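Each chain, written out:
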Amino acid sequence: MDEPACISVECNMSVFFISDLQLDDKTTPLVKSLGTLIDQIITEKASALYILGDFFEAWVGDDFQAHWLDEIITILKRLTDSKVSLYFMHG
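Residues numbered from 1 in each chain as written. Predicted model: local features only at pLDDT ≥ 70, side-chain atom pairs only at ≥ 80, totals over all residues. Heavy atoms only, no water.

Pairing within the open sheet is parallel, and its 3 strands lie in the order β1-β2-β3. Each edge of the open sheet carries a strand with a single partner, namely β1 (15-19) and β3 (85-89). The mean angle between the axes of side-by-side strands here comes to 15°, regardless of whether they run parallel or antiparallel. As judged from the 5 bridges shared by β1 and strand β2 (residues 48-52), these two strands associate in the parallel manner. (Pairing = 2+ DSSP bridges. Helix = DSSP H or I, 4+ residues; strand = E, 2+ residues; numbered from the N terminus. Axes fitted to C-alpha atoms, helices over the stretch in contact; angles between N-to-C directions.)

Right, dumping it as structure tokens:
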């Protein structure tokens, strides 16, 4: 009987979790901190970011628009453009 092939896989995976940021138009310093965290996640070549519950202070539907969301959208797009998986669970 043939010996099974041995495959060596190195797995160096970083996964980040954040929750309960409760972002709104009054949390500008927190949005800046989120941007800094995203830069760190990209630099570390993390595999994923999980956003768990209460990301926004209020329920935000797909028809909601506000100028303060633009920076958050840009930050998250920077993350996904760098091939880091982004997962979101509403709260």
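A separate point is the pairing of β1. The two faces of β1 differ: Phe-16 and Ile-18 on one face are buried, but Val-15, Phe-17 and Ser-19 on the other face are not. Tracing the backbone out of β1, into helix α1 (residues 28-43) and back to the parallel element β2 gives a crossover that is right-handed. (Buried < 20%, exposed > 50% of the residue type's maximum accessible area, 1.4 Å probe, protein only. Right-handed = clockwise from strand over helix to strand, strands pointing away.)

If you check α1, its first and last C-alpha atoms are 23 Å apart, about what 16 residues at 1.5 Å a residue would give, namely 22 Å. Three or more residues of α1 are buried, namely Val-31, Leu-34, Gly-35, Ile-38 and Ile-41. Considered in projection along α1, the buried side chains sweep an arc of 120° and stay on one side of the axis. With respect to the buried face of α1, the exposed residues turned more than 90 degrees away are Pro-29, Thr-36 and Thr-43. Of the surrounding elements, those touching the buried residues of α1 are β1, β2 and α2 (69-81). Directly after α1, the chain includes Lys-45, whose backbone phi takes a positive value near 55°. (Expected span 1.5 Å × (residues − 1). Arc of directions from axis to C-beta. Contact = heavy atoms within 4.5 Å.)

Turning our attention to the pattern of salt bridges. Counting across every chain of the model gives 4 salt bridges. Its salt-bridge partner being Asp-25, residue Lys-26 comes within 3.3 Å of it at the nearest N-O pair. Among the residues examined, Asp-25 registers a relative accessible area of 44% and is labelled partly exposed. Between Glu-71 and Lys-32 there is a salt bridge, with the nearest N and O atoms lying 3.0 Å from each other. Within this pair, whereas Glu-71 is found in helix α2, its partner Lys-32 is found in helix α1, the two being separated by 39 residues in sequence. Here Glu-71 falls in the partly exposed class, since its relative accessible area comes to 31%. Accessibility expressed as a relative area gives 47% for Lys-32, which makes it partly exposed. (Salt bridge = Lys/Arg side-chain N within 4 Å of Asp/Glu carboxyl O.)

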